[in-house]
Amino acid sequence: MNHGLSLKIGPATFRIGSAWRQPVEALARLYADYPAPADGIADFTVRLEPAGPFRRWLRPSIFITGDHGLADAAPMSLAHGLLAAEMGMNLQMALGWRRHLLLHASSVEKGGRALVMTGESGSGKSTLAAQLGERGWRLMGDEFALLDLETGAIFPFPRLVSLKNRAIDVLAAEAPAGRMGPLLAGTAKGDIRHLLPRSDAVERMNEGALPALLLFPRFGHESDVRPVGQGEMFMRLTQASTNYVALGEPGFAALTRFVKTVPARAIDFPSGEEAIALVDRLWAEWA
Amino acid sequence: MTALLLVRALRDPDCVAALDARGWNSLIAMARAERLIGTLALRIGERPVPGAVRAILTDARADAEREARQALWEADRAAEALAGLGLPVVLLKGTAYAAAGLSAGQGRFIGDLDILVPRAALTEVEHALIRAGWEWVKDDPYDDAYYRQWMHELPPMIHAGRDRMIDVHHTVLPLTARQTPDAAAMIADALPITNELYMLCPEDRVCHAAAHLLADGDLAGGLRNLWDIYCLLDGIDPAALSVRAERHGLGRHVRQAQRLAAALYGEGARLTLWDRIVAARLLARDGWGRERRKLLGFAFYVRSHWLRMPPAMLARHLMTKWRKGHRPV
């Protein structure tokens, strides 16, 4: 393809090809400190292709695909090329990763132990992880937590944090401007801005941590903490995993162990500050 | 770059020793795009490869094992659903190869479950599958009627609980195609795999695979089908195959499949001009896994429709689909 870039995020490596220069340039700037794949060979190929015969030049529009793709993926504007590249990498992980149980969850680490947070889009798990990552925790990832099938440790996937709508201002107030990506206005999910994790997150991208606490955050409600039973935890985590079925028995065994050994709480919070206070309290109590 | 890189690696896995990083990236992307990564992983086996490649090949082998396990379970469920009908249920394609332990099944990607049943039993089979939890995928009355009137299979069904598709064939080519293979003979000569499940005899397996590749469809993903044929030809008696192919009206297609399989995966063969055009279509894949030679691909897409139906019917069909908003890609 005309423009390309290879990079390593946690245990996974990507080769990204693009018909246009802009998405690759935006990636190269934000991922400048990330390593290249060790021997130049990538786990996954991502392709940003013109969405139709003339769509490279005329109202340029991107079709996201690669080793794994969705035939009915909606085309995206070239102005959102950085987001397209991120989505392309996420797609490969969601559909193709087999070396860990992949949980749709954010995770942060402190003192060698991991806090995992899972929930639907809009639950606040991503924003909360990004905020903790600015306040003394190591950000392990805002999208995918990788559960090791043998050791039960959580491994990081510290890609750029994807901040949406109101979360953009929250993090822009805490993180230096140099770590913020361009504002991508009017995407399918509203306004999006990417945040480059702190350097410790990038430097320690190969370092896992045993999970000490699982939270199910929910933004926009009065503060509350509820216990979550192992059965419910198991069911919600199978729904939050894209490769649970594909992994078969090892996936079942890893998830069973996780559910049996990690305490879980559902937390509601009306604001980021209250969420952080809640997390600090529960962490002191359980971890 | 073309998929010759992939073809060479399958033919002679020792040659991967010479690949650099760019070569490996290209080979892996091509193999995934052609759904041959599991086959490639098994062909490469324990030969030394870079660490990153080893991890990818190990994943591919595990995926292929899971595919086979799921496919066999699906076949078992279908056999159970149809047990009361007293029919031979003939497995086709990937599931048959996996169930019978054929070399063509090793590492093979297996999508849907394909079975062949006598045409007279179609209604019974349909009802039995619906009772066992399968349901229709196509909700368009035109598509449904089209399948029932003109195709060689029922409209596809999916199992509500397991989310797996089944294609119920009553012959091997659309009824509108120019060749009319003898499906009754295929069923009569089928061989048992288990108590309930059968597969085609060796010659019919080649005839079916060749018909599927060369007399139907647009050859997309054809390198995988040709690899099947190459494996299925192993140990077969050429004279018996020739007789059988003529009986099904597929002599020309089977001979072409033999030449192409030998040229790409085997010891080589003399190719006609038409063979070379087909080979160019099969190899139209670049190092990013993209389909190349779009115009040639489109020509084969048009041809696939031309093969399927006479011109007036084709015009009517395309007009109906166009009105419904369908556009060729």
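Residues numbered from 1 in each chain as written. Chains lettered and ligands numbered in written order. Predicted model: local features only at pLDDT ≥ 70, side-chain atom pairs only at ≥ 80, totals over all residues. Heavy atoms only, no water.

A.B. asks: I would appreciate a short explanation of the overall build of chain A in the present structure.
C.D. replies: A count of helices and strands for chain A gives 9 helices and 16 strands. Its C-alpha atoms give chain A a radius of gyration of 19 Å, within 12% of the compact-globule value 19 Å for 287 residues. Among the 287 residues that make up chain A, the fraction classed as buried is 55%. Taking the intrachain contacts of chain A between residues at least 6 apart in sequence as the baseline, contacts between residues at least 24 apart amount to 69%. Working note: accessible area of chain A is about 11,700 Å², and carbon and sulfur atoms make up 55% of it. The average position of the 30 basic charges and that of the 30 acidic charges among the side chains of chain A differ by 3 Å. (Helix = DSSP H or I, 4+ residues; strand = E, 2+ residues; numbered from the N terminus. Rg over C-alpha atoms; globule rule 2.2 N^0.38 Å. Buried < 20%, exposed > 50% of the residue type's maximum accessible area, 1.4 Å probe, protein only. Contact = heavy atoms within 4.5 Å. Areas by Shrake-Rupley, 256 points an atom, 1.4 Å probe, with all protein chains shown as cover. Lys, Arg positive; Asp, Glu negative; His and termini not counted. Charge placed at Lys NZ, Arg CZ, Asp CG, Glu CD.)

A.B. asks: It is not clear to me how the domain arrangement of chain A should be interpreted in this structure. Could you clarify?
C.D. replies: Residues and elements named next belong to chain A. Entries for chain A in the domain assignment read domain 1 (3-96) and domain 2 (100-286). Taken together, the 20 residues of domain 1 in the interface contact 26 residues of domain 2. Here domain 1 meets domain 2 over a buried area of about 2,000 Å², counting both sides, of which 70% is carbon and sulfur. Where domain 1 packs against domain 2, one counts 1 salt bridge. In this structure, the salt-bridge partner of Arg159 is Glu86, at a minimum N-O distance of 3.4 Å. (Domains from an automatic or database assignment. Buried area = accessible area lost by both parts, 1.4 Å probe. Salt bridge = Lys/Arg side-chain N within 4 Å of Asp/Glu carboxyl O.)

A.B. asks: Can you help me understand the sheet that holds strand 3 (residues 134-136) of chain B in this one?
C.D. replies: The strands making up a sheet associate through hydrogen bonds between their backbones, and the pairing can be parallel or antiparallel. Residues and elements named next belong to chain B. Across the sheet, 7 strands lie side by side as 3-4-5-2-1-7-6; this open sheet has mixed pairing. Bordering the open sheet on either side are strand 3 and strand 6 (191-192), each of which pairs with just one other strand. Taken together, the 2 bridges between strand 6 and strand 7 (residues 197-199) define a ladder with antiparallel strand orientation. Opposite Leu191, over in strand 7, you have Met199 as the bridge partner. (Pairing = 2+ DSSP bridges.)

A.B. asks: Quick question: what am I supposed to make of the interface of chain B and chain A here?
C.D. replies: Interface size is often expressed as the accessible area that is lost when the parts come together. Opposite the 21 residues of chain B that make contact, chain A presents 19 residues. Of the roughly 1,700 Å² buried between chain B and chain A on both sides combined, carbon and sulfur atoms contribute 50%. On the chain B side of the interface with chain A, the three residues burying the most area are B:Asn25, B:Arg32 and B:Trp288, jointly 40% of the side's total. Taken together, the connections running from chain B to chain A amount to 3 salt bridges. Inspection of the chain B/chain A interface yields 10 residue pairs in polar contact (both at pLDDT 80 or more). It is helix 4 (residues 51-82) of chain B that provides the largest number of residues to the side of chain B that touches chain A, a total of 9 residues. (Polar contact = N/O pair within 3.5 Å; in protein donor to acceptor, adjacent residues only side chain to side chain.)

A.B. asks: Would you mind showing me how to read the layout of surface pockets here?
C.D. replies: Over the atoms, a rolled probe matching the size of one water molecule traces out where space is still vacant. Residue and element names in this part refer to chain A. Considered as a void within the structure, the second largest pocket measures approximately 1,300 Å³ in volume. Around the second largest pocket, the lining comprises 48 residues; the ones closest to its centre are Ser121, Ser162, Lys164, Lys189 and Ile192. For the lining of the second largest pocket, the secondary structure elements donating two or more residues are strand 5 (76-77), helix 2 (81-96), helix 3 (125-134), strand 11 (161-164), helix 4 (166-172) and helix 9 (272-286). Of all the elements, helix 2 adds the most residues to the lining of the second largest pocket, at 7 residues. (1 Å grid on protein atoms, 1.4 Å probe; cavity = no way out; pocket = protein on both sides within 12 Å on 5 of 7 lines; lining within 4 Å. Points joined across faces, edges and corners; volume = space filled by probe spheres on them.)

A.B. asks: When you look at the packing of aromatic side chains in this model, what are you seeing that I'm missing?
C.D. replies: One pair of aromatic rings is described through two measures. These are the centre distance and the angle between the planes. Enumeration according to the criterion identifies 15 aromatic pairs over all chains in this entry. Through a chain of ring-to-ring contacts, three or more aromatic side chains come together here, namely A:Phe14, A:Phe44, A:Trp97, A:Phe144 and A:Phe157. A:Arg236 extends its terminal NZ or CZ atom over the ring of A:Phe216, reaching a point 4.1 Å from the ring centre. Over the aromatic face of B:Trp136 sits the side chain of B:Arg148, whose NZ or CZ is 4.9 Å from the ring centroid. (Phe/Tyr/Trp six-rings, centres within 6.5 Å; stacked < 30°, edge-to-face > 60°. Lys NZ or Arg CZ within 6 Å of the ring centre and 35° of its normal.)

A.B. asks: What is the right way to read the sheet that holds strand 13 (residues 190-195) of chain A from this model?
C.D. replies: All names here are of chain A. In space, the 3 strands of this open sheet follow the order 11-13-12, with antiparallel pairing throughout. Only two strands of the sheet have a single partner each, and these edge strands are strand 11 and strand 12 (184-187). Averaged over all pairs of adjacent strands, the angle between strand axes in this sheet comes to 35°, irrespective of strand direction. Note: strand 11 against strand 13, 4 bridges, orientation antiparallel. Looking across to strand 13, one finds that Lys164 is bridged to Ile192. Packing of helix 2 onto the sheet brings it into contact with strand 12 and strand 13, and relative to strand 13 it is tilted by some 70°. Contacts between helix 3 and the sheet are confined to strand 11 and strand 13, with strand 11 contributing the most and set at about 120° to the helix. (Axes fitted to C-alpha atoms, helices over the stretch in contact; angles between N-to-C directions.)

A.B. asks: How should I be thinking about helix 7 (residues 141-150) of chain B in this particular structure?
C.D. replies: Along an α-helix, residues three or four apart share an orientation, since each turn contains 3.6 residues. Residues and elements named next belong to chain B. Taken as a whole, helix 7 has its buried residues at Asp143, Tyr146 and Tyr147. End-on view of helix 7: buried residues confined to an arc of 95°, all on one side of the axis. Buried residues along helix 7 sit against helix 15 (311-323). If you check the start of helix 7, you find a side-chain oxygen 2.7 Å away from the backbone N of Tyr142, and it comes from Asp140. (Arc of directions from axis to C-beta.)

A.B. asks: Even after reading the chapter, I still don't get empty space enclosed by the protein, so can you show me in this structure?
C.D. replies: Under the defined criterion, the tally for this structure stands at 3 cavities of 30 Å³ or more. Its volume calculated, the largest cavity comes out at about 100 Å³. Taken together, 14 residues form the lining of the largest cavity, with B:Lys93, B:Tyr97, B:Arg205, B:His208 and B:Ala209 sitting closest to its centre. Sorting the residues of the lining of the largest cavity by element identifies helix 5 (93-100), helix 9 (202-214) and helix 10 (222-233) of chain B as the ones contributing at least two each. The dominant element in the lining of the largest cavity, judged by the number of residues it contributes, is helix 9 of chain B, at 4 residues. Looking at the second largest cavity, its volume works out to about 50 Å³. As for the second largest cavity, its lining consists of A:Ala130, A:Gly133, A:Glu134, A:Trp137, A:Leu139, A:Arg179, A:Leu195, A:Pro197, A:Arg198, A:Asp200 and A:Ala201.

A.B. asks: Looking at this structure, I do not really get the side chain of B:His208. What am I missing?
C.D. replies: All names here are of chain B. Counting through the fold element by element, His208 comes out in helix 9. For His208, a relative accessible area of 4% translates into the label buried. For His208, the contacting residues outside a window of four places in its chain are Leu92, Lys93, Val172 and Leu200.

A.B. asks: Looking at this model, I keep getting lost on the nonpolar core. Mind explaining?
C.D. replies: What tends to happen in soluble globular proteins is that the nonpolar side chains get buried as a cluster. Ranked by size, the top nonpolar core spans 91 residues in total, and within it B:Trp24, B:Ile115, B:Leu129, B:Ile166, B:Val168, B:Leu223 and B:Tyr265 carry the most contacts. Per-element tally for this core: the top contributor is helix 4 of chain B, with 10 residues. Not counting chain neighbours up to four residues away, the residues in contact with B:Ile166 comprise B:Ala78, B:Leu113, B:Ile115, B:Leu129, B:Trp134, B:Pro156 and B:Met157. Grouped together as the second largest cluster of nonpolar side chains are 36 residues, A:Leu7, A:Ile62, A:Leu146 and A:Phe157 included. (Core = buried A, V, L, I, M, F, W, Y, C linked by side-chain atoms within 4.5 Å.)

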